[in-house]
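Spelled out, the chains give:
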Amino acid sequence: MIKLVITGLWVCAVTLASVYFSVQMATAPAISPDDAKKAQQELVKGESINVPVIANGQVTGYFLTRISFMMEKGKANALQIPLPELTTDELFSLLIGNKTIDIAHAQNFDIAGFRADLKKRMNERLGGDYVADVLIEQLDYLSKEETHGGETVGKRTVKPVKIVQDAAKDKVPVE
């Protein structure tokens, strides 16, 4: 008789536990694939980089940039090449070598194309799928006349040409 009572209690306990866990799993919020992917990524902050613009053998201005990357957690630490130096090299190639940005028509700058091109080039150089997203924090242009004001006395207020404004704020995930 005692065996029958213990067996009945055991069946009740297993049934209650399975119902409890079934209800918990059914009411748990579903994690979307995008959220799961973002949870596995980390923000790798970029450094400020100044890229000179050279035309006719002279420096005509400077690009002021700060670009960060979204990468899988741990991959940035495993890199053989330092990320800031690689970013500087790729920005020199993109901004100077390809003439991506036309300063006279800065409002027509293709931000999405620039991000995609930089991401593709960085992943090719790193030898894998390291960079998940490119975040442009700053991309400004200063002409040589604005930086080296001639013989003027006193401080000058330098106003750079804003090529991209607050583009990173739209891309950084809010937690």
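Definitions and cut-offs
Residues numbered from 1 in each chain as written. Predicted model: local features only at pLDDT ≥ 70, side-chain atom pairs only at ≥ 80, totals over all residues. Heavy atoms only, no water. Helix = DSSP H or I, 4+ residues; strand = E, 2+ residues; numbered from the N terminus. Buried < 20%, exposed > 50% of the residue type's maximum accessible area, 1.4 Å probe, protein only. Contact = heavy atoms within 4.5 Å. Areas by Shrake-Rupley, 256 points an atom, 1.4 Å probe, with all protein chains shown as cover. Core = buried A, V, L, I, M, F, W, Y, C linked by side-chain atoms within 4.5 Å. pLDDT = per-residue confidence, 0-100. Salt bridge = Lys/Arg side-chain N within 4 Å of Asp/Glu carboxyl O. Pairing = 2+ DSSP bridges. Phe/Tyr/Trp six-rings, centres within 6.5 Å; stacked < 30°, edge-to-face > 60°. Expected span 1.5 Å × (residues − 1). Arc of directions from axis to C-beta.

Quick notes on the overall build of the chain
Here is step 1: Scanning the chain from terminus to terminus reveals six helices and five strands.
Here is step 2: The order of α-helices and β-strands along the chain, N terminus first, is α-α-β-β-β-α-α-β-α-β-α.
Here is step 3: Residues classed as buried in the chain amount to 27% of the 175 residues present.
Here is step 4: Across the chain, the fraction of contacts at a sequence separation of at least 24, relative to all contacts at a separation of at least 6, is 68%.
Here is step 5: Carbon and sulfur atoms provide 57% of the accessible area of the chain, an area that totals close to 11,900 Å².

Topic: the nonpolar core
Here is step 1: Of all hydrophobic cores here, the largest spans 27 residues; its most connected members are F63, F69, L91, F114, L118 and L139.
Here is step 2: Mapped by element, the contributors of at least two residues to this core are β2 (48-55), β3 (58-72), α3 (83-97), α4 (111-126), β4 (131-143) and β5 (161-164).

Some points on the confidence of the model for the chain
Here is step 1: Of all residues in the chain, 74% have pLDDT values of 70 or greater, and the mean over the chain is 77.
Here is step 2: When pLDDT is averaged over each element of the chain, helix α1 (residues 2-27) comes out on top at 91 and helix α6 (residues 167-171) at the bottom at 52.

Describing the pattern of salt bridges
Here is step 1: Summed over all chains, the structure comprises four salt bridges.
Here is step 2: Of the charged contacts, one joins R125 and D89 as a salt bridge, the two residues approaching to 2.5 Å between their closest N and O atoms. Of this pair, R125 sits in helix α4 while D89 sits in helix α3, and the two are 36 residues apart along the sequence.
Here is step 3: The partner of E90 in a salt bridge is R121, with the nearest N and O atoms 2.8 Å apart. Note that E90 is positioned in helix α3 and R121 in helix α4, a separation of 31 residues in sequence.

Details of the side chain of Q41
Here is step 1: Structurally, Q41 can be placed in strand β1 (residues 41-44).
Here is step 2: Residue class for Q41 comes out buried when judged on its relative accessible area of 13%.
Here is step 3: Sequence-distant contacts of Q41, that is, excluding residues within four places in its chain, are made with M70, M71, E72, K73 and A132.

Digging into the environment of K144
Here is step 1: Mapping K144 onto the fold places it in helix α5 (residues 144-147).
Here is step 2: For K144, a relative accessible area of 33% corresponds to the partly exposed category.
Here is step 3: Separated by 86 residues in the primary sequence, K144 and Q58 have C-alpha atoms spaced 9.9 Å apart.

Digging into the pairing of β4
Here is step 1: Of all 13 residues making up β4, ten are buried, and the element is well covered by its neighbours.
Here is step 2: Across eleven bridges, β3 lies against β4 in antiparallel orientation. If you follow F69 over to β4, its bridge partner there is V134.
Here is step 3: Strand direction decides the pairing type here: β4 and β5, joined by three bridges, are antiparallel. Bridged to D140 within β5 is K162.

So, the packing of aromatic side chains
Here is step 1: Taken as a whole and judged by the stated rule, the model has two aromatic pairs.
Here is step 2: For the pair Y20 and F21, a centre-to-centre distance of 5.4 Å together with 75 degrees between the ring planes defines the contact as edge-to-face.

Observations regarding α4
Here is step 1: With 16 residues, α4 extends 22 Å from end C-alpha to end C-alpha; this agrees with the ideal 22 Å at 1.5 Å per step.
Here is step 2: Regarding α4, the residues found buried are F114, R115, L118, M122, N123 and L126. What you see down the axis of α4 is that its buried residues fit within an arc of 155 degrees, all on one side. Opposite its buried face, α4 presents the exposed residues A112 and E124, each directed more than 90 degrees away.
Here is step 3: Trailing α4 by a residue or two, G127 shows a phi angle of about 80 degrees, which is positive.

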